[in-house]
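# Analysis of the macromolecular model
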Amino acid sequence: MKISIILITISLLLFSGCTKKEVENGIKPLVVAMELQFPPFETSDTNGDPIGISVEIAKELAAYLERPLEIKNTSWIGLIPSLQTGKADIVISSMTITEERAKVVNFSDPYARSGLTLLINKNSIVSSFDDLDLKGATIVVKSGTVGAILAQETLKKA
């Protein structure tokens, strides 16, 4: 009888902070944050299910760790804060490694490398990056990205 009470108490203590999903599986899921807006790396299919290269990496990592996978669709500017607050165990995303970001998170070796690309209307007078810094020009970038940082630092007139 005493052993049953001790076992029940230990079980309650072990799982008191866990969600129903964690209790059912007996293993805490690997929570991966990514913004599902960057195909072919991370996006959603027509059913809303996560797909892409980063999603496949997350699945393989969870399988290797023998943990269930939970992908949290997280806004771009919320990815690093999700790590800092413990809402995610890891971020797997199309994120450029910068010195500023490396001050607050640890990066793995990159699994892809890319550069910045400009999408310019074929009828535009713009033919180079320098042509973008014109008074009255509108530059559209995703907040918090390397493209946004570059635009803010170099395009002072636009």
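Whatever comes next refers back to the structure up there.
The shown structure was predicted, so the numbers you read here are calculated from the model rather than taken from an experiment.

## Thoughts on the overall build of the protein chain
When helices and strands are tallied, the protein chain shows six helices and five strands. Along the protein chain, from the amino end to the carboxyl end, the secondary structure elements read α-α-β-β-β-α-β-α-β-α-α. Of all intrachain contacts in the protein chain linking residues separated by at least 6 positions in sequence, the fraction that spans at least 24 positions is 53%. Of the accessible surface of the protein chain, which amounts to about 11,500 Å², a share of 57% is contributed by carbon and sulfur atoms.

## Topic: the environment of aspartate 133
Here aspartate 133 is to be found in the loop between α5 (99-102) and α6 (146-154). Taking the C-alpha atoms as reference points, aspartate 133 and alanine 158, 25 residues apart in sequence, are found 5.0 Å from one another. Setting aside chain neighbours within four positions, we find aspartate 133 in contact with Thr154, Leu155, Lys156, Lys157 and Ala158. In this structure the side chain of aspartate 133 is engaged in a polar contact, spanning 3.1 Å, whose partner is the backbone nitrogen of lysine 156. At a separation of 2.7 Å, a polar atom in the side chain of aspartate 133 contacts the main-chain amide nitrogen of lysine 157.

## Considering unusual backbone geometry
Each neighbour pair has its own omega, and for proline 39 with proline 40 the value is 5 degrees, a cis peptide bond. With respect to the helices and strands, proline 40 occurs in the loop between β1 (30-34) and β2 (43-44). Backbone geometry at glutamate 66 places phi at a positive 55 degrees, although glycine is not the residue there. In this structure, glutamate 66 sits in the loop between α3 (53-65) and β4 (69-73). For glutamate 66, a relative accessible area of 64% corresponds to the exposed category.

## Points about the side chain of threonine 98
Relative to the elements of secondary structure, threonine 98 occurs in the loop between β5 (90-91) and α5. Of note is the side chain of threonine 98, whose polar atom sits 3.1 Å from the backbone nitrogen of arginine 101. Apart from residues lying up to four places away in sequence, threonine 98 is in contact with Phe107 and Val146.

## Structural notes on the sheet that holds β5
One open sheet accounts for three strands, arranged β4-β1-β5; its pairing is parallel. Strand pairing shows two members of the sheet lacking a second neighbour, β4 and β5, which therefore form its edges. Relative to β4, β1 runs parallel, the two being bridged by five bridges. Its bridge partner being in β4, leucine 30 is matched across the sheet by leucine 69. Running over the sheet, α3 touches β1, β4 and β5 and is turned about 165 degrees from β1.

## Some remarks on α6
Looking at α6, one finds that the buried residues are Gly147, Ala148 and Ala151. One face of α6 carries all of its buried residues, which in axial projection span an arc of 100 degrees.

About the thresholds
Residues numbered from 1 in each chain as written. Predicted model: local features only at pLDDT ≥ 70, side-chain atom pairs only at ≥ 80, totals over all residues. Heavy atoms only, no water. Helix = DSSP H or I, 4+ residues; strand = E, 2+ residues; numbered from the N terminus. Contact = heavy atoms within 4.5 Å. Areas by Shrake-Rupley, 256 points an atom, 1.4 Å probe, with all protein chains shown as cover. Polar contact = N/O pair within 3.5 Å; in protein donor to acceptor, adjacent residues only side chain to side chain. Buried < 20%, exposed > 50% of the residue type's maximum accessible area, 1.4 Å probe, protein only. Pairing = 2+ DSSP bridges. Axes fitted to C-alpha atoms, helices over the stretch in contact; angles between N-to-C directions. Arc of directions from axis to C-beta.

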